[in-house]
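A structural walkthrough
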Amino acid sequence: MNIKKEICRLILLGITVLALPASGTERVQAGVWNDTDGNPINAHGGGILEHDGVYYWYGERKGDHTYRSPGVGWECYRTEAGGVSCYSSRDLKNWKFEGVALKPDTADHTSDIHPTMVIERPKVVYNDKTRKFVMWMHIDNHSYSAARAGVAVSDSPTGPFTYIRSERPNNSESRDMTVFKDDDGKAYHIYSSEGNSTLHISLLSDDYLSQSGSFCRNFPNRFREAPAIFKKDGKYYMVTSGCSGWSPNEAEWAVSTTIMGPWTPMDNPCRGKDADKTFYGQSTFILPVGKGSDRSFIIMFDKWKKDDLVDSRYIWLPIRFNGDTLTIPWTDTVDLTGSATDFAAE
Ligand code: DGJ
């Protein structure tokens, strides 16, 4: 063997491996994330439900054409509302398109879910008693002044979901939102209200299809939106964004010993380059993965592209804990292969 040649070959091999883009085991943050058919995943402002060992990712299905709402002063970019997409996966890496789980109503111009409306931030929870999958979402009009919450229901995680109605929960405005199911089976609707100045947390009815009437106001006058929530070791944690339309801003985390509060606002959990802009992302959901001491948490962000909304991208990052303090350090890629336990807490 020619030793010199062999050394050169090994060096070249090393350089090649280092220069390769992230392998099939990884997703490049904010790259184009394709589904198993090779199409870009179209599930924005989304959330994930784990059911019987399968992850279901629901999100806004954005139309191809982005336009600015005429006559609306702020940068109100929109697309046709294409309903709610559903993708399934067993490993969080390979996502199969399951179809449009909640289809838009193209026939009725007065429908909440007509393509001219706004359907944002859908979240699905499973009701163990009724055995129904319940979807809540933000419903709005061309200027975001309707500020309503819509609800839909299905017998199957992949749909079809039947749209029931929209409402102003507890007679209050409702824009950015999420839904959280607690260990005791109670579910809560968390929504930006009062001109986005305050977050409401509202206990849902036992069937999750309406509000129970019990709710609380949190973070008054702090103008938080994009709520994402999880529970760890008996404490509740929330990550939110500020309010700046489609433009990024600084995230904030908060903690409480009871879901209804009082919540204590903390500080910006993001660490690394562009942490003051949430890495140009905005929170949408926090996914618990694994059980017991192996449980870890992935936070999902949208990286909005306001003038081409369908090409908005995804950033998923592990949440790290130091005691009760959480941080979200930047990583260029996220490894999802095989199991999500790579997200183990520190
Ligand atoms: C910020 C929200 O978080 C998004 O879901 C969307 O409603 C935009 N505002 C609209 O500008």
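Residues numbered from 1 in each chain as written. Predicted model: local features only at pLDDT ≥ 70, side-chain atom pairs only at ≥ 80, totals over all residues. Heavy atoms only, no water.

Glancing now at the overall build of the protein chain. The helix and strand tally for the protein chain stands at one helix and 26 strands. Split into buried and exposed, the 346 residues of the protein chain put 53% on the buried side. Partitioning the intrachain contacts of the protein chain with sequence separation of at least 6 by distance along the chain shows that 49% fall at a separation of at least 24. A total accessible area of about 15200 Å² is found for the protein chain, and carbon and sulfur atoms account for 52% of it. (Helix = DSSP H or I, 4+ residues; strand = E, 2+ residues; numbered from the N terminus. Buried < 20%, exposed > 50% of the residue type's maximum accessible area, 1.4 Å probe, protein only. Contact = heavy atoms within 4.5 Å. Areas by Shrake-Rupley, 256 points an atom, 1.4 Å probe, with all protein chains shown as cover.)

What follows deals with the site of the ligand. Near the ligand, the surroundings consist of Trp-74, Glu-120, Arg-121, Tyr-144, Asp-176, Glu-225, Gly-245, Trp-246 and Gln-282. One of the side-chain nitrogen or oxygen atoms of Trp-246 is found 3.4 Å away from an oxygen atom of the ligand. Bound to the protein, the ligand loses 96% of the 290 Å² it would expose on its own. A per-class count over the shell around the ligand returns three nonpolar, two polar and four charged. (Near = heavy atom within 4 Å. Polar contact = N/O pair within 3.5 Å; in protein donor to acceptor, adjacent residues only side chain to side chain. Nonpolar A, V, L, I, M, F, W, Y, C, P; charged D, E, K, R; others polar.)

Our next topic: the layout of surface pockets. In this structure, the largest pocket encloses a volume near 760 Å³. Lining the largest pocket are 29 residues, and of these Leu-49, Glu-50, Lys-181, Pro-288 and Arg-295 lie nearest its centre. Each residue belonging to the lining of the largest pocket can be placed in one class, and the counts come to 14 nonpolar, four polar and eleven charged. Space inside the second largest pocket adds up to approximately 290 Å³. Lining the second largest pocket are 15 residues, with Trp-74, Tyr-144, Asp-176, Glu-225 and Gly-245 positioned closest to its centre. Tallied by class, residues from the lining of the second largest pocket come to five nonpolar, four polar and six charged. (1 Å grid on protein atoms, 1.4 Å probe; cavity = no way out; pocket = protein on both sides within 12 Å on 5 of 7 lines; lining within 4 Å. Points joined across faces, edges and corners; volume = space filled by probe spheres on them.)

All right, on to the pattern of salt bridges then. Enumeration over the complete set of coordinates arrives at 20 salt bridges. Glu-173 is the salt-bridge partner of Arg-168, the closest N and O atoms lying 3.9 Å from each other. Classification of Arg-168 by relative accessible area gives partly exposed; the value is 32%. With a closest N to O distance of 3.1 Å, Lys-232 and Asp-233 form a salt bridge. (Salt bridge = Lys/Arg side-chain N within 4 Å of Asp/Glu carboxyl O.)

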